[in-house]
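Survey of secondary and tertiary structure
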Amino acid sequence: MENKHVTELEIDLSALKHNYQYLKGKTANNTKILAVVKAFAYGLEPSNIASELEKEGVDYFGVAYANEGILLRENSITKPILVLHAQPDNYKLLIDYNLEPNIYSLYTLNRFLEFAKEQNLKEYPIHLKFNSGLNRLGFNGDELDELIGLIQHNKNIKVASAFSHIAASEDLNEQEFTQKQIFTFNNIITQLRLKLTNSFTVHMSNTSGVINYQNAHFDMVRLGIGLYGFGNDAKETDKLKNVATLKSVISQIRVVQKGDNVSYNRAFTAQKEEKIAIIPIGHADGFSRPLGCGRGYVTINGQKAYTSGNVCMDMILVNVTHINCKEGDPVIIFDNQKTVEQFASICNTISYEILTAISQRIKRKIKH
Ligand SMILES: *Cc1c(COP(=O)(O)O)cnc(C)c1O
């Protein structure tokens, strides 16, 4: 039976298409695009988004974990999929679903080589990740000789790509550091090219790398947040279209009198008669608690209604004293990027976290 939960996240595939083409337009014609669809495509909906991008001609997909790649394969996605945080215990699962591991350390390399030999794999594509300054996953430059020694003549695997990740691509105050990262990575690639006979793809940039660092595009770029409508500044975000709209309806309206308390822990006390609407979305859905007590808002019949009292697990209460509305009326939580960024700032976080926090119990609706 179809889920009739009234709170829904609408995904606009034509906006996604626009964003893909807009960002692709910032790269050279022969630059490949890897679409990052980890964490349910940043909390939106992975399978329709990936299908749409496949139709647009995307070259690669990136996910964080094996199960995210499996979900794409089960939804008929055929393009290559890079698993950015492939874990040795899942190597069998990876090859069963034709997923390609990120190999990021001597430990993971040795584990994969052992496994590849056992399974008698033939030139199975792997991706080598290098640390150039983020100090997260990746080989360090001084491990290069040992790494090359292990893979140079190994026929069980082939290096499909070598990549790195920029620590602060969105922050123009960090240009000097970023250029140093690009320089370090270039050196690694030069050495790797000298020693490996097969050619491989090189990539480093995420969305803001694409926007800010032309010299970090290499052969492929990895687009995440930009596809979903967020650039690294207001000007770029303006050029991108809004992909996600979060909507609900009014469950109940009640009138409270002066002195009445609203919601948990009596956090709000009415100073006069007020009209309160109850909306079926709460902190378990990603409407975070810092948005309570008048800090966050929703839009009802074109007007802002601020939260009244604490956010509950499954609902919020909003002040609609000034709004002509009734039970069953539609409610917009957000339908533009500015609101998401405003919510992020209230919650002391970034747009990424607001999107990925939208819980799976909210129905996804695909708009073509
Ligand atoms: C998540 C991720 C990306 C995408 O970054 P955006 O800033 O969302 O474009 C790219 N590369 C790696 C390694 C990632 O983990």
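What counts as what
- Residues numbered from 1 in each chain as written.
- Predicted model: local features only at pLDDT ≥ 70, side-chain atom pairs only at ≥ 80, totals over all residues.
- Heavy atoms only, no water.
- Helix = DSSP H or I, 4+ residues; strand = E, 2+ residues; numbered from the N terminus.
- Buried < 20%, exposed > 50% of the residue type's maximum accessible area, 1.4 Å probe, protein only.
- Contact = heavy atoms within 4.5 Å.
- Areas by Shrake-Rupley, 256 points an atom, 1.4 Å probe, with all protein chains shown as cover.
- UniProt positions renumbered as here; feature names shortened; annotations may be inferred.
- Domains from an automatic or database assignment.
- Buried area = accessible area lost by both parts, 1.4 Å probe.
- Salt bridge = Lys/Arg side-chain N within 4 Å of Asp/Glu carboxyl O.
- Polar contact = N/O pair within 3.5 Å; in protein donor to acceptor, adjacent residues only side chain to side chain.
- Nonpolar A, V, L, I, M, F, W, Y, C, P; charged D, E, K, R; others polar.
- Pairing = 2+ DSSP bridges.
- Axes fitted to C-alpha atoms, helices over the stretch in contact; angles between N-to-C directions.
- Right-handed = clockwise from strand over helix to strand, strands pointing away.

**A look at the overall build of the protein**
- Scanning the protein for helices and strands turns up 12 helices and 19 strands.
- Over its C-alpha atoms, taken along the principal directions, the protein stretches across nearly 80 × 50 × 35 Å.
- Out of the 368 residues belonging to the protein, those deemed buried represent 53%.
- Within the protein, residue pairs in contact and separated by at least 24 positions form 66% of the contacts whose partners lie at least 6 positions apart.
- Of the roughly 16900 Å² of accessible surface on the protein, a fraction of 48% belongs to carbon and sulfur atoms.

**Regarding the UniProt feature "modified residue: N6-(pyridoxal phosphate)lysine" (unreviewed entry) in the protein**
- Within this structure's numbering, the places UniProt gives as "modified residue: N6-(pyridoxal phosphate)lysine" (unreviewed entry) are Lys38.
- With respect to the element layout, lysine 38 can be found in helix α2 (residues 38-43).
- If near-sequence neighbours (up to four positions away) are discounted, lysine 38 is found in contact with Gly62, Val63, Ala64 and Glu68.

**A word on the domain arrangement of the protein**
- Segmentation of the protein into domains returns domain 1 (31-223) and domain 2 (244-367).
- Of the roughly 710 Å² buried between domain 1 and domain 2, counting both surfaces, carbon and sulfur atoms make up 69%.
- In this structure, the connection of domain 1 to domain 2 is made through zero salt bridges.
- The tally of links between domain 1 and domain 2 comes to two residue pairs in polar contact (both at pLDDT 80 or more).
- By residue number, the principal contributor to the side of domain 1 that touches domain 2 is α2, which donates four residues.
- In terms of residue class, the side of domain 1 that touches domain 2 is built from four nonpolar, two polar and one charged.

**Observations regarding the sheet that holds strand β18 (residues 330-334)**
- Strand order across the open sheet formed by six strands is β16-β15-β18-β10-β1-β19, with mixed pairing between neighbours. Each edge of the open sheet carries a strand with a single partner, namely β16 (303-306) and β19 (363-367). The mean angle between the axes of side-by-side strands here comes to 35 degrees, regardless of whether they run parallel or antiparallel.
- When strand β1 (residues 8-12) meets β19, the two strands line up parallel, connected through five bridges. Along β19, the bridge assignment pairs glutamate 8 with lysine 363.
- Docked against the sheet, helix α11 (residues 337-346) engages β15 (297-300) and β18, running at close to 65 degrees with respect to β18.

**Comments concerning the environment of glycine 62**
- With respect to the helices, strands and loops of the structure, glycine 62 is situated in strand β3 (residues 60-63).
- Along the chain, glycine 62 and aspartate 335 lie 273 residues apart, while their C-alpha atoms are 26 Å from each other.
- Excluding residues that lie within four positions of it along the chain, glycine 62 makes contacts with Leu34, Ala35, Val36, Val37, Lys38 and Leu82.

**Let's talk about the pairing of strand β10 (residues 244-249)**
- Relative to β10, β1 runs antiparallel, the two being bridged by four bridges. Pairing of leucine 9 across the sheet is with leucine 246, part of β10.
- Bridge count for β10 against β18 is four bridges, and the pairing is antiparallel. The residue bridging serine 248 from the neighbouring strand is valine 331, located in β18.

**Overview of the pairing of strand β5 (residues 100-103)**
- Side-chain alternation along β5 places Glu100 and Asn102 on one buried face and Pro101 and Ile103 on a second face that is also buried.
- In this region the chain leaves strand β4 (residues 81-83), passes through helix α5 (residues 91-96) and returns to the parallel neighbour β5; the handedness of that crossover is right-handed.
- Here β5 pairs with strand β6 (residues 124-129) via two bridges, running parallel. Considered in β6, the bridge of asparagine 102 is made with histidine 127.
- What joins β5 to β6 is helix α6 (residues 106-118), and the crossover it makes is right-handed.

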